[in-house]
Amino acid sequence: MRALVISGGGSKGAFAGGVAQYLMQELNHNYDLYLGTSTGSLLISHLALQKIDKIKDVYTSVNQDSIFSNCPFIIQKKHGVDNIAINHWNVFKNFYHGSKTFGESHNLLDLIKNTLTVEEFENLKNGPKEIIVTVSNLSLNQVEYKSINDCSYEEFCEWIWISCNYTPFMSLALKDGCEYADGGLGNMVPIEEAIKRGATVVDAIILQTETTLFNRMPSKNAFSLLTTMFGFMLDRIERQNIRIGKFAAGHNDAIINFYYTPTVLTTNSLIFNKEKMTAWWESGFNFAKFKNIELNQIEPDLE
C-alpha cells in the first residue's frame, strides 16, 4: 500500500502541490492512502480525484481575502521583505464580538466548499482511496484523524477547515462539544498514522528544509513575536514527528521517501502571495523531477 503524506505549511502548500503533481503525473505513482495536515489537508482530496490542475488554480490565485473573513494583521513590505503588524481595529472587532482569537478564517471554509463539490466528495467516499485529515482536539488534549469514510460532506469540509485553522490567528472551532484547532499543533507530518493504516511505501512532502538554514530576525512587534514562537514550536513538533515516523517505518519494514523544500520559501506562511505561490508550485515540480533524476541516475532531458 502506498501513501502520500503532506505536512502543514500554510502558503508553502503550493510547493507540495508541485511535488505531488510530478509524482503522480510523471512517475505515475498511484496512492491508496492520502493524509494531510493543515495545508496538506486542502490538497489531498483534489489529488485523490486526479484534479491537479483544479487545485493548482486555487493555490496560485488565492490572497489574504480568500482565507480571512477578518484578518488580524497587515502586511508591510520593507527592503523587499514582507513583515506583519497588528491590525488593531480588526483585532478589537473580533474581541468585541466575543471571539477567542485575533482573526477569523470563515472565508476559507467557503473556499473549501466552493472548490470541493458534493459530487466529488461522493466519488471519493465511494471509491477505493482513503483520505484523512489531521486535527487537534484542544479539549481532550489529543490528535484526531478524520477519514472521509466516516463523514458527511458538510462534516468533511469542516474538518479540512479545522485542520487549517492556525489559532490564535485564525478561527477556533467548536464541534461535538470540543474546541478544535490546526492539526499541526499535534502532528505536522502524520507518517506514523499512514504506517499504522497499512502503508508500506510513504511519499512524505515536508514543507521545511531538512536542516536549519536561517536565523530569524529580531521580532518587530507582538504579532511578529507570536509567529516566531509558533514557528519555533511547530518546527520542533515536525522534527519529532519525522523521527517517530522513521522509527515506525523501521519496525514495520516500510519505506519513506522524503521531499523537503531545498530552500527557505518564507518565514511567514500566513502571507498568501499569488506570484510567489505560483513560483513555488513550479519549483516543487522541478525539485521532484531533478531529485528523482538524481536518485535514478538518469540523464535529464534538456530539450
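Bear in mind that the values here come from a model prediction, so they are computed numbers and not experimental data.

With respect to the pattern of salt bridges
In the structure shown here, the tally under the stated rule is 10 salt bridges. Close ionic contact of K54 with E120 constitutes a salt bridge, the shortest N to O distance being 2.8 Å. Placement of the pair is K54 in helix α3 (residues 52-59) and E120 in helix α7 (residues 118-125), with a sequence separation of 66 residues. Note on K54: relative accessible area 28%, which makes it partly exposed. Through salt bridges with shared partners, one network takes in K51, K54 and E120.

Considerations on the side chain of S99
Counting through the fold element by element, S99 comes out in the loop between α5 (88-96) and α6 (106-115). Residue class for S99 comes out buried when judged on its relative accessible area of 18%. Within the structure, the side chain of S99 is placed 3.1 Å from the backbone nitrogen of T101, a separation counted as a polar contact. Side-chain polar atoms of S99 contact the side chain of E104, separated by 2.6 Å. If we skip the residues at most four places from it in the chain, S99 touches N94 and E104.

Points about the confidence of the model for the protein
When pLDDT is low, close inspection of the predicted coordinates is not appropriate. Averaged over all residues, the pLDDT of the protein equals 91, while 94% of them reach at least 70. When the criterion is pLDDT under 50, residues 298-303 qualifies, and its contacts beyond four places in sequence or with other chains add up to 4 contacts.

As for the environment of G36
Residue position: G36 is located in strand β2 (residues 33-37). Sequence separation between G36 and A204 is 168 residues; the distance between their C-alpha atoms is 9.9 Å.

Quick look at the packing of helix α2 (residues 39-48) against α3
Axis separation between α2 and α3 bottoms out at 8 Å; the angle between their running directions is 150°. Accordingly, the angle class assigned to the pair α2 and α3 is roughly antiparallel. α2 and α3 meet at a crossing whose hand is right-handed. On α3, the residues that touch T39, L42, L43, H46 and L47 of α2 are I52, K54, I55 and Y59. Broken down by class, the residue content of the contact of α2 with α3 amounts to 6 nonpolar, 2 polar and 1 charged.

Re the environment of N70
Relative to the helices and strands, N70 resides in the loop between α4 (64-67) and β3 (73-78). The class for N70 is buried, based on a relative accessible area of 10%. When the C-alpha positions of N70 and F102 are compared, they lie 8.6 Å apart, and in sequence the two are 32 residues distant. Those residues in contact with N70 that lie beyond four places of it in its chain are N90, K93, N94, F102, G103 and E104. Among the polar contacts made by the side chain of N70, one reaches the side chain of N94 at a distance of 3.0 Å.

Reading guide: rules and limits
- The residue numbers shown here count from 1 along each chain, following its written sequence.
- At least 70 in pLDDT is required for a residue's local features to be given in this predicted model, at least 80 for side-chain atom pairs to be given and counted, and no such filter applies to totals for whole chains, interfaces and linings, which use all residues.
- For side-chain calculations, the full set of non-hydrogen atoms in the structure is used, while hydrogens and water are omitted.
- The term salt bridge refers to a side-chain nitrogen of Lys or Arg lying within 4 Å of a carboxyl oxygen of Asp or Glu.
- Helix and strand definitions follow DSSP, with helices as H or I runs of at least four residues and strands as E runs of at least two, each counted in order from the N terminus.
- Partly exposed residues are those whose accessible area sits between 20% and 50% of the maximum for their type, while under 20% is buried and over 50% is exposed, using a 1.4 Å probe and protein chains only.
- Residues adjacent in sequence count toward polar contacts only when both atoms are side-chain atoms; beyond that, a polar contact is any pair of N or O atoms within 3.5 Å, and within protein one must be able to donate a hydrogen and the other to accept it.
- Whether two residues are in contact is decided by their heavy atoms, any of which lying within 4.5 Å being enough.
- Confidence scores labelled pLDDT are given residue by residue by the predictor and lie between 0 and 100.
- The angle between two axes is taken between their N-to-C directions and runs from 0 to 180 degrees, where each axis is a line fitted to C-alpha atoms and a helix contributes only its stretch in contact.
- Small angles under 35 degrees read as roughly parallel and large ones over 145 as roughly antiparallel, with 65 to 115 read as roughly perpendicular and the rest as oblique.
- By the definition used in this description, the sense in which the near helix is turned from the far one sets the handedness, with an anticlockwise turn below a right angle giving left-handed and a clockwise turn giving right-handed.
- Note that Gly is not counted as nonpolar here; it falls among the polar residues with everything else outside the nonpolar set of Ala, Val, Leu, Ile, Met, Phe, Trp, Tyr, Cys and Pro and the charged set of Asp, Glu, Lys and Arg.

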